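Results of the structural survey
Each chain, letter by letter, is given below.
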Amino acid sequence: MAKLSISYFDHQTHETTHESESSTVSSTLLSHAMGQAVETLHQQAPLALSLTNTVTINFVANAQLSAGAVAAMVTSASEVEDMFRAGAAQGMYMNLGTLQREYETEYPLAAKVANEYHIPWVLDPVGVGAGAVRTSIVNALAPNPPTIIRCNASEAIALAQAWQLEVSQSATQSAHEHHVGVESHDDVDSAIAAACVLAQYCHGCVAISGEVDAIVDEQHCYRLHGGSAMMTKVTGAGCSLGGVVASYACIAEPTLAALTASAHYNIASARAQQYAGGPGSFASAFLDELYKVTPQDLVQEAAISAISIDF
């Protein structure tokens with residue numbers, strides 16, 4: 001079954017800008033594509049397996065379920081292969097938050113299996129560069145890179161360094177020339193060039209969370225506004241976003257999957273913040289709002305902009 005993509009909606013509506021405007025994708029086209037992705041997720045309820053950390057595993061599963069997908073938490077590569085062989089799972093999420101020594105073999109093998117079965121998978125390189133086990137796993141993942149990387153700014157930079165990727169000066173210059181980011185203090189800006197080379201290496205995209213999120217693929221940098229600062233007060237908010245990105249990757253191409261999941265999160269968290277009394281009630285309210293988001297909400301409320309990046 002063909003997956004949803006931004007280019008499909010571009011072909012249907014012809015709503016890209018003129019070449020002289022860097023061929024950026026219109027916000028109207030993007031919002032309609034994201035709305036369709038939400039509808040398709042609800043219709044198909046795909047399963048993305050999660051190899052995630054023990055601190056946030058419950059929140060990841062609940063977020064996937066609330067968003068409209070199905071959740072299954074696994075720890076072994078053999079179980080991953082069994083599920084893919086049976087056609088029971090359509091995606092995978094890998095989080096390096098809490099590691100066991102056996103993950104040094106299980107995680108790289110799971111990545112290899114996913115790529116052999118042409119299954120999209122999302123990597124959250126939590127704490128990349130910290131400690132021997134984490135470094136060993138990250139290095140072992142390089143030959144079988146993920147489809148999407150979900151991280152913060154420092155993790156994007158550290159992962160590009162760990163994989164010894166050369167950051168393009170043209171990408172760095174292009175980001176600065178186009179004023180990527182609306183505030184100079186937004187540290188997401190500092191990771192755009194690293195995200196560019198990671199996207200090229202993975203032939204997918206990189207989703208960087210921050211005050212203004214960035215989704216970077218091999219052609220564009222998209223910025224998403226909105227969300228809630230309360231997300232930083234809930235353990236597992238970022239981890240669960242990675243799981244929901246993986247759910248969307250089951251039914252949409254990488255960039256559209258990352259955009260839709262991030263916008264879905266921003267809308268839900270902004271709504272939850274309006275009536276939550278603190279982090280505890282916010283976490284509960286957020287899951288409720290994640291469940292309530294409709295395709296039309298994405299069309300009407302997603303705050304997104306795009307620029308072209310010259311590599």
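These numbers were taken from a predicted model, which means no experiment stands behind them.

Observations concerning the overall build of the chain
Across its full length, the chain holds 13 helices and nine strands. When each of the 311 residues of the chain is scored for burial, the buried share is 57%. Taking as baseline every contact in the chain between residues at least 6 positions apart, the subset at least 24 positions apart corresponds to 75%. Here the chain displays about 12700 Å² of accessible surface, and carbon together with sulfur accounts for 50% of that area.

What about the pairing of strand E2 (residues 70–73)?
Side chains on a regular strand alternate between the two faces of the sheet. Inspection of the sheet shows strand E1 (residues 47–51) paired to E2 by four bridges, in the parallel sense. Within the sheet, the bridge partner assigned to Ala 48 lies in E2 and is Ala 71.

Description of helix H6 (residues 132–141)
Along H6, the positions that sit buried rather than exposed are Val 133, Arg 134, Ile 137, Val 138 and Leu 141. Down the axis of H6, the buried set is contained in an arc of 130 degrees. They therefore lie on one face. Contacts made by the buried residues of H6 are with strand E3 (91–95), helix H5 (103–116), strand E4 (121–124) and helix H7 (153–162).

How each quantity is defined
- Residues numbered from 1 in each chain as written.
- Predicted model: local features only at pLDDT ≥ 70, side-chain atom pairs only at ≥ 80, totals over all residues.
- Heavy atoms only, no water.
- Helix = DSSP H or I, 4+ residues; strand = E, 2+ residues; numbered from the N terminus.
- Buried < 20%, exposed > 50% of the residue type's maximum accessible area, 1.4 Å probe, protein only.
- Contact = heavy atoms within 4.5 Å.
- Areas by Shrake-Rupley, 256 points an atom, 1.4 Å probe, with all protein chains shown as cover.
- Pairing = 2+ DSSP bridges.
- Arc of directions from axis to C-beta.

Purely geometric stuff here, so don't read any function into it on its own.
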